[in-house]
Amino acid sequence: MSQASPMSATTPAPPVPTAFGQVKGWFSAYDQALFDWFLTRQNRDAQQRGDILELGVYMGKSAIFLGQYLRAGEGFTVCDLFDSPAPDDANLAEMQGSYSTLTRRAFEANYTAFHEELPTVIQAPTSVVTDTVEAASCRFVHIDASHLYEHVALDVASSRALAAPGAVVVFDDYRAAHCPGVAAAVWGAVASGDLRVICISPNKLYATWDDPEPLQSELRTWLEGREGVWHGVEQVAGRPLVRIGDKGLVAPEPPKPLRPAPAEAAPGEAPASAPGRAATGSAPAASRQAAPAARKPAAAGWRKLAKDLLPPLVTRAIVARRKRRR
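Residues numbered from 1 in each chain as written. Predicted model: local features only at pLDDT ≥ 70, side-chain atom pairs only at ≥ 80, totals over all residues. Heavy atoms only, no water.

**A closer look at the pairing of strand β2 (residues 76-80)**
Part 1 of the reasoning: Within β2, 5 of the 5 residues are buried, which leaves it mostly tucked inside the rest of the structure.
Part 2 of the reasoning: What you see with β2 is no split at all: F76, V78 and D80 on one side and T77 and C79 on the other are buried throughout.
Part 3 of the reasoning: As judged from the 4 bridges shared by strand β1 (residues 51-55) and β2, these two strands associate in the parallel manner. Along β2, the bridge assignment pairs E54 with V78.
Part 4 of the reasoning: With 4 bridges joining them, β2 and strand β3 (residues 120-123) adopt parallel strand pairing. (Buried < 20%, exposed > 50% of the residue type's maximum accessible area, 1.4 Å probe, protein only. Helix = DSSP H or I, 4+ residues; strand = E, 2+ residues; numbered from the N terminus. Pairing = 2+ DSSP bridges.)

Spelled out as structure tokens, the structure:
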């Protein structure tokens, strides 16, 4: 378990999310569905053991999601620079341009809103991950760190060294126009014949360093059972891969926060008593003042009914009496 990062006493605490949708980040519904499919499949297989690793966490959205699938005895490691100095000028420019608000404190606040314990946190460039994580120990690796070619190429190599037999390795931004370095590094490994693609979604590429055919076969059967999901098979670098569209895959039930937001009182409903204070027969001042206003519509209704039913002479007498009282 990681240690909390040093923080200034004057730094305001980041807001704690009370729902998964409040956590900032880019993690589509269809990729959540695919993560769930791969990880659930692994969890059903007693032979598929190993840890989970994420390189690049931003505010923790996908890390929170991944943390649900840990089994007893398995570990979860995340690696990110957070607010540490970048190792080179190009990486510094990338951090300042896209991730200037990223801090370890915000990540930890988000993660512990959904899980009792933090993962092992490596606050450093992803190039050091092989010094900390045991070789061939990870069953699922998610890579969404630097977009620079040199860094991604090293992340690709690290994923091979750390992948357990049959591991799934996921790369984000493999085709984004603003991330040509990611595409060059990932597709270069595919073209060399070592990295074998299982499937691609609009945002992520799912691969393995082993035989992808068993996974592809099961995945296609699962996709065929989903309504409204487009998918097809392409041949790339002499091997098949499953291409999946961006519609039809529904996200699984999102992670539940440990401490849900308190329910808001319905309009017009009296607020709950303060904790530890017994309810009494006397209403709060605000309630006492509001009570006459709440009765006004009923009184107005009775006056209208009397006007409609009583003889005109009686009605005029009542009105005159009310005016004298004013």
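**Quick word on helix α7 (residues 180-191)**
Part 1 of the reasoning: Between its first and last C-alpha, α7 extends 16 Å over 12 residues, near the 16 Å set by a 1.5 Å rise per residue.
Part 2 of the reasoning: For α7, the set of buried residues is G181, V182, A185, V186, A189 and V190. All buried residues of α7 project into a common sector of 165° when viewed along the axis, lining one side. Opposite the buried face of α7, by more than 90 degrees, sit the exposed residues P180 and A191. (Expected span 1.5 Å × (residues − 1). Arc of directions from axis to C-beta.)

**A short note on the confidence of the model for the protein**
Part 1 of the reasoning: On average, the protein scores 82 in pLDDT, and the residues at 70 or more come to 71%.
Part 2 of the reasoning: The low-confidence segment residues 94-100, where pLDDT is below 50, has 10 contacts with residues more than four positions distant or belonging to other chains.
Part 3 of the reasoning: Note on residues 270-302: pLDDT under 50 across the span, and 3 contacts to partners over four residues away in sequence or across chains. (pLDDT = per-residue confidence, 0-100. Contact = heavy atoms within 4.5 Å.)

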